[in-house]
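Per-entry structural report
Each chain, letter by letter, is given below.
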Amino acid sequence: MATKVVATAFGGPEVLSVVEVDVPAPGPGEVTVDVKAVGVNPFDHKVISGATGADPARLPLGVGVELAGVVTAVGPDAEGADGPLAVGDEVVVRPVPGGAYADAVTVPARNTVPKPAALPWPEAASVLSVGATALHALQVVAAKPGETLLVHGGSGSVGQLAVQLATRAGVTVVATAGERNHELLRGYGAVPVTYGPGLADRVRAAAPEGVDAAIDTIGTDEAVDTSLALVADRSRIVSIAAFGRADTGITLISGDDPETQVRANAWKTLFPALLDGSLNIVISKAFPLERAAEALEFVRSGHAGGKVVLLP
Ligand SMILES: NC(=O)c1ccc[n+]([C@@H]2O[C@H](COP(=O)([O-])OP(=O)(O)OC[C@H]3O[C@@H](n4cnc5c(N)ncnc54)[C@H](OP(=O)(O)O)[C@@H]3O)[C@@H](O)[C@H]2O)c1
């Protein structure tokens, strides 16, 4: 049996319930994983709210898209991204059909990538969704060394990784954040700017030579309109959240896009960078699995200051 958190209705975090479920033995191409850490994402809230589909037939609904753990059983022909899997292998799983908020899961082996032994469980469970998104966004805007990139939400989980990957590549980064996160962004080599009314003027002052490209991780009209006002080439404005603004000609990206090799291979860039210290992921808070509703509420606040994890 496994402990699992499911949504019993569509709504806010209060619809989450802790239940006991059977963990099926792995079939062909599957593995069972003993879960050590689960990454909590704003997307999880969108799913339980019904924003991605509210068919009651989907209830009770598993929640969560990523986790890290140890393989405990292997079905026939179970191959992960790096080859055949064995009991005892440490893996990161994403996506997790059936939901990641659980202490044991049986999943398709092809959804696993190998976790480096030295990478802590919370970091391993949290970095793939946000890191793959940051890499995808950076690929779209194609900022070159010496160019200036505006990142809306530079203090968010996707934003922090996009900022670091860009500054490391020699790009000048201006990033928006609440004031309490400005020091963090300076530490990443970015110029922090406070979001809110007058944003475009503050960015102009911070980047007097202009802005070549923009990544929006927030999705507000303020973020989109500021990017449109400052970046001449609309194909170099990408948003991961402003899906209502497609009419502006900016690029909207998601994990469902057909061309996602950059996302599938993200672990090959992210894991070594975390291990050699050239990339930092902030784990702002950990909750026990049973307190998943509280964890999701904290993420929903929009100011978690980094990743939130569940520790079964
Ligand atoms: N399309 C995709 O592929 C994809 C993938 C991953 C995530 N997403 C989406 O991207 C968004 C961000 O995800 P995340 O994990 O980075 O979120 P997060 O870690 O919760 O970060 C939230 C960010 O929003 C900022 N913020 C809060 N209120 C704001 C406001 N009124 N104006 C401007 N900025 C504000 C916060 O700044 P302060 O805390 O400094 O105030 C922080 O930087 C979510 O909507 C998520 O669902 C999309």
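Quick caveat, the model's predicted, so the values are computed rather than measured.

Structural notes on the site of the ligand
In the vicinity of the ligand there are 23 residues, among which K46, S155, G178, Y195 and I253 approach most closely. In isolation the ligand offers 940 Å² of accessible surface; the protein chains occlude 83% of this area. Counting residues per element, the ones that place at least two in the shell around the ligand are α1 (42-49) and α3 (157-168). If you tally residues by element for the shell around the ligand, the top one is α1, at three residues.

Points about helix α5 (residues 199-206)
Buried within α5 are the following residues: L199, A200 and V203. Seen end-on, α5 carries its buried residues on one side only, within an arc spanning 95°. Exposed positions of α5 whose direction lies more than 90 degrees from the buried face are D201 and A205. Elements in contact with the buried residues of α5: β11 (148-152), β12 (172-177), β13 (191-194) and α6 (221-230).

Things to note about the sheet that holds strand β14 (residues 213-216)
Across the sheet, six strands lie side by side as β13-β12-β11-β14-β15-β16; this open sheet has parallel pairing. Each edge of the open sheet carries a strand with a single partner, namely β13 and β16 (251-252). In this structure, β11 lies alongside β14, joined through four bridges in parallel fashion. Along β14, the bridge assignment pairs V151 with I215. Of the strands in this sheet, β11, β12 and β14 are in contact with α3, which crosses β12 at around 165°. Where α6 meets the sheet, it contacts β11, β14 and β15 (237-239), and its direction lies at approximately 165° from that of β11.

With respect to the pairing of strand β8 (residues 90-93)
In this structure, strand β5 (residues 66-74) lies alongside β8, joined through four bridges in antiparallel fashion. The residue of β8 that forms the bridge with L67 is V93. Note that β8 and strand β10 (residues 112-114) share three bridges and pair antiparallel. Within β10, the position partnered with V92 by the bridge is V113.

Here's the deal with the pattern of salt bridges
All told, the structure shown has 10 salt bridges when counted by the stated rule. Here R186 makes a salt bridge to E183, at a shortest N to O gap of 2.9 Å. Remark: E183 and R186 occur in helix α4 (residues 182-187); sequence separation between them is three residues, near one turn of the helix. For R186, a relative accessible area of 45% puts it in the partly exposed group. You can call E183 exposed: its relative accessible area is 56%.

Each value, and the rule that gives it
Residues numbered from 1 in each chain as written. Predicted model: local features only at pLDDT ≥ 70, side-chain atom pairs only at ≥ 80, totals over all residues. Heavy atoms only, no water. Near = heavy atom within 4 Å. Areas by Shrake-Rupley, 256 points an atom, 1.4 Å probe, with all protein chains shown as cover. Helix = DSSP H or I, 4+ residues; strand = E, 2+ residues; numbered from the N terminus. Buried < 20%, exposed > 50% of the residue type's maximum accessible area, 1.4 Å probe, protein only. Arc of directions from axis to C-beta. Contact = heavy atoms within 4.5 Å. Pairing = 2+ DSSP bridges. Axes fitted to C-alpha atoms, helices over the stretch in contact; angles between N-to-C directions. Salt bridge = Lys/Arg side-chain N within 4 Å of Asp/Glu carboxyl O.

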